[in-house]
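Close look at the chain arrangement
Residue-level listing of the chains:
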Amino acid sequence: IKEKIAVGSPAATIEEAVEAAAKIGYPVIMRAAFALGGLGSGFAHDEVSCRELAEKALACSSQVLVERSMKGWKEIEYEVVRDAADNCITVCNMENFDPLGIHTGDSIVVAPSQTLSNAEYMKLRSVAIKVARHLGIVGECNIQYALNPDSEEYCIIEVNARLSRSSALASKATGYPLA
């Protein structure tokens, strides 16, 4: 569907992680795959820190994800509901008070977002609906973005085709019964 996602690569060994980081370019974020709550995650600024983080991540997972760092970008979320007849609504959008690099669970989330321009809001809303339709999601989903604060550049960083922790916040903020 030609939407932007973070440049990244999975790695099963320390050497694969180092190769991926060199190809992407430092700094990179490294995350243990299949882990919740940021376990085994961190930012690598050079090969030494990449090796250290890869070793840490691979100690708790069979794979480490090596991705372009977007530290400092805004983290924005949209809660989307789509029915079987393809009707879509965005129930709520939210913005982390802290920029990317601070785990969502450790940040304050503001609903609705406060710093987006109308153009940014509408662009990300349109992409959220496009993604929900493309994936064929029926029900609720959560789409998370990284948004460059100095331009309109964005990347989709996560899609949860289910209720997420933010769904409860969206329900309370809007009164719409998601969770």
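Before reading on, note that the structure itself is shown above.
Every value quoted in this text rests on a predicted model; they were computed, and no experiment measured them. (Residues numbered from 1 in each chain as written. Predicted model: local features only at pLDDT ≥ 70, side-chain atom pairs only at ≥ 80, totals over all residues. Heavy atoms only, no water.)

**Describing the sheet that holds strand S3 (residues 42–44)**
Pairing is antiparallel across the open sheet formed by four strands, whose spatial order is S1-S4-S2-S3. Edge positions in the sheet fall to strand S1 (8–11) and S3, since each of these pairs with one other strand and no more. Neighbour-to-neighbour, the strand axes of this sheet turn through a mean angle of 30°, independent of strand direction. Of the strands in this sheet, S1, strand S2 (28–32) and strand S4 (64–68) are in contact with helix H1 (residues 14–24), which crosses S4 at around 10°. In the packing of helix H2 (residues 47–58) onto the sheet, the strands contacted are S1, S2, S3 and S4, and the crossing angle to S3 comes to about 150°. (Pairing = 2+ DSSP bridges. Helix = DSSP H or I, 4+ residues; strand = E, 2+ residues; numbered from the N terminus. Axes fitted to C-alpha atoms, helices over the stretch in contact; angles between N-to-C directions. Contact = heavy atoms within 4.5 Å.)

**Some points on the side chain of Thr90**
Mapped onto the elements, Thr90 comes out in strand S6 (residues 88–96). Residue Thr90 is classed as buried on the basis of its relative accessible area of 16%. Within the local environment of Thr90, its side chain forms a polar contact with the side chain of Arg125, the two groups lying 3.2 Å apart. Residues in contact with Thr90, not counting those within four places in the same chain, are Tyr78, Glu79, Val80, Tyr121, Arg125 and Ile129. (Buried < 20%, exposed > 50% of the residue type's maximum accessible area, 1.4 Å probe, protein only. Polar contact = N/O pair within 3.5 Å; in protein donor to acceptor, adjacent residues only side chain to side chain.)

**Brief notes about helix H4 (residues 165–174)**
An α-helical turn contains 3.6 residues, so any two residues separated by three or four positions project in the same direction. Listed as buried for H4 are Ser166, Ser167, Ala170 and Ser171. One face of H4 carries all of its buried residues, which in axial projection span an arc of 150°. Opposite the packed face of H4, turned more than 90 degrees from it, sit the exposed residues Arg165 and Lys172. Residues of H4 that are buried sit in contact with strand S5 (74–82), S6 and strand S8 (139–147). Gly175 occupies a position one or two residues after H4 and carries a positive phi of about 85°. (Arc of directions from axis to C-beta.)

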